[in-house]
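Spelled out, the chains give:
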Amino acid sequence: MKIIGISGSPVAGGNNDKLIEKMLDIAEARGFGTEKVLISASRIAPCTACGVCGKGEKCPIEDDMQHVYHKLVEADGIIVSSPVYFGTMTAQLKALFDRSVLLRRQGFKLSNKVGAAIAIGGSRNGGQEKTIQSIHEWMHIHGMIVVGDGGHFGGILRKPAAEDEEGMKTAVDTINKLCDVLQMMKLP
Ligand SMILES: Cc1cc2nc3c(=O)[nH]c(=O)nc-3n(C[C@H](O)[C@H](O)[C@H](O)COP(=O)(O)O)c2cc1C
């Protein structure tokens, strides 16, 4: 089974990129295959609502989203980490989410994949829960199965994330919950 990690930060090697690497290391140690999408290393333009994907055709925007479609479809689990920008996810991550409408219009291709979310803010209470909720909304609208950290909503951290011990525990609990649920789904 495969888990894809998406970092929604434009900062290469920043808190979210590093956290997604850590989440995927944990998943690999548990025997999962992994794949990642770093927004910081990708070029993904916003959706222009041209409607072409609703006719079953390829998205006409030629950028890195063409590879992301394949990675999303191949995954069994999806973990997304976003910086909090003005109380919600980054514009770059929202562009990826909006472009994923093709997968919904062409047969709900993300349906029943298991999803989980993490948010990192500069402040302790900077909008992490709301950011996670917005990521969950994307997952629900795709018909995904959404999990939290086992007690609350997902990974909630303050920058610098590596020093936020309490927050790091919520992220580790979140990836473990995602792995647990995927393993349970494999049972007869
Ligand atoms: C435009 C902008 C808006 C931000 N808004 C918030 C905010 O509303 N709440 C908050 O806690 N942090 C806010 N921050 C801080 C970022 O969340 C923080 O720098 C980020 O999580 C660091 O992750 P990175 O190193 O992966 O980019 C903002 C940063 C920027 C650049």
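Look above for the structure.
Residues numbered from 1 in each chain as written. Predicted model: local features only at pLDDT ≥ 70, side-chain atom pairs only at ≥ 80, totals over all residues. Heavy atoms only, no water.

**Digging into the overall build of the chain**
Threshold: Where helices and strands are cited, they refer to DSSP runs of H or I of at least four residues and of E of at least two residues respectively, numbered from the N terminus. Throughout, radius of gyration means the C-alpha value; the globule benchmark is 2.2 Å times the number of residues raised to the power 0.38. Note on classification: 1.4 Å probe, protein chains only; a residue is buried when its accessible area is under 20% of the maximum for its type, exposed when over 50%, partly exposed between these limits. What makes two residues a contact is simply this: any of their non-hydrogen atoms within 4.5 Å. Note on areas: Shrake-Rupley with a 1.4 Å probe; residue coverage comes only from the protein chains shown. Positive charges come from Lys and Arg alone, negative charges from Asp and Glu alone, with His and the N- and C-terminal ends not counted. Charge positions come from single atoms, namely NZ of Lys, CZ of Arg, CG of Asp or CD of Glu.
Summing up its helical and strand segments, the chain has 6 helices and 6 strands in all. Starting at the N terminus, the α and β elements of the chain follow one another as β-α-β-α-β-α-α-β-α-β-β-α. Computed over C-alpha atoms, the radius of gyration of the chain comes to 16 Å, within 12% of the 16 Å expected from 2.2 N^0.38 for 188 residues, which places it in the range of a compact globule. Dimensions along the principal axes, computed over C-alpha positions, put the chain at roughly 45 × 45 × 25 Å. Of all 188 residues assigned to the chain, the portion counted as buried reaches 48%. Long-range contacts, defined as pairs at least 24 residues apart, comprise 75% of the intrachain contacts of the chain with a sequence gap of at least 6. Accessible surface, the chain: about 9000 Å² in total, of which carbon and sulfur atoms supply 53%. Where the 22 positive side-chain charges of the chain centre and where its 21 negative ones centre are 5 Å apart.

**Some details on the site of the ligand**
Under the convention used in this document: The nearness test applies per residue and asks whether one of its heavy atoms lies within 4 Å of the molecule or strand. N or O atoms closer than or at 3.5 Å make up a polar contact, with two conditions inside protein: a donor-capable atom paired with an acceptor-capable one, and, for residues adjacent in sequence, both atoms drawn from side chains.
Within the structure, the ligand sits among 16 residues, and Ser9, Asn15, Asn16, Val84 and Ile120 are positioned closest to it. At 2.9 Å, a backbone N or O of Phe86 approaches a nitrogen atom of the ligand. Gly87 is positioned such that a nitrogen or oxygen atom in its backbone is 3.0 Å from an oxygen atom of the ligand. When the ligand is considered free in solution it has 640 Å² of accessible area, and contact with the protein chains removes 73% of it. Taken together, the elements giving at least two residues each to the shell around the ligand come down to helix H1 (15-29) and strand E4 (114-121).

**Comments concerning the side chain of His142**
Counting through the fold element by element, His142 comes out in the loop between helix H5 (128-141) and strand E5 (145-146). Judged by relative accessible area, His142 falls into the buried class, the value being 3%. Aside from chain neighbours lying at most four places away, what touches His142 is Ser100, Leu103, Arg104, Phe108, Leu110 and Ser111.

**Thoughts on the packing of aromatic side chains**
Stated formally: Pairing of aromatic rings covers Phe, Tyr and Trp, the last through its six-membered ring, and needs centres within 6.5 Å; plane angles under 30 degrees mean stacked, over 60 mean edge-to-face, and all others mean tilted.
Across all of its chains, the model carries 1 aromatic pair by this definition. Measuring from ring centre to ring centre gives 4.0 Å for Phe97 and Trp138, while their planes differ by 5°; the resulting arrangement is stacked. Separated by 41 residues along the polypeptide, Phe97 in helix H3 (residues 91-99) and Trp138 in helix H5 bring together distant segments of the chain. Grouping residues by exposure puts Phe97 and Trp138 together as buried.

**Here's the deal with H5**
What counts, and what does not: Helix span is expected to be 1.5 Å times the residue number reduced by one.
When the terminal C-alpha atoms of H5 are compared, their 20 Å separation across 14 residues agrees well with the 20 Å that a helix rising 1.5 Å per residue should span. At the C-terminal side of H5, Gly143 shows a positive phi close to 75°.

**Focus on the nonpolar core**
The test is simple: Note on terminology: a nonpolar core comprises buried Ala, Val, Leu, Ile, Met, Phe, Trp, Tyr and Cys residues joined through side-chain atoms within 4.5 Å.
Judged by nonpolar contacts, the single largest core of 31 residues is most densely connected at Ile6, Leu72, Ile78, Val80, Leu96 and Trp138. If you list the elements that add at least two residues to this core, you get strand E1 (2-7), helix H2 (65-74), strand E3 (77-83), H3, helix H4 (101-105), E4 and H5. Not counting residues within four places of it along the chain, the set of residues in contact with Val80 comprises Ile6, Leu93, Phe97, Ala116, Ala117, Ile118, Ile135, Trp138 and Met139. Residues Phe32, Leu157, Ala161 and Ile175 belong to the second largest nonpolar core, which totals 23 residues.

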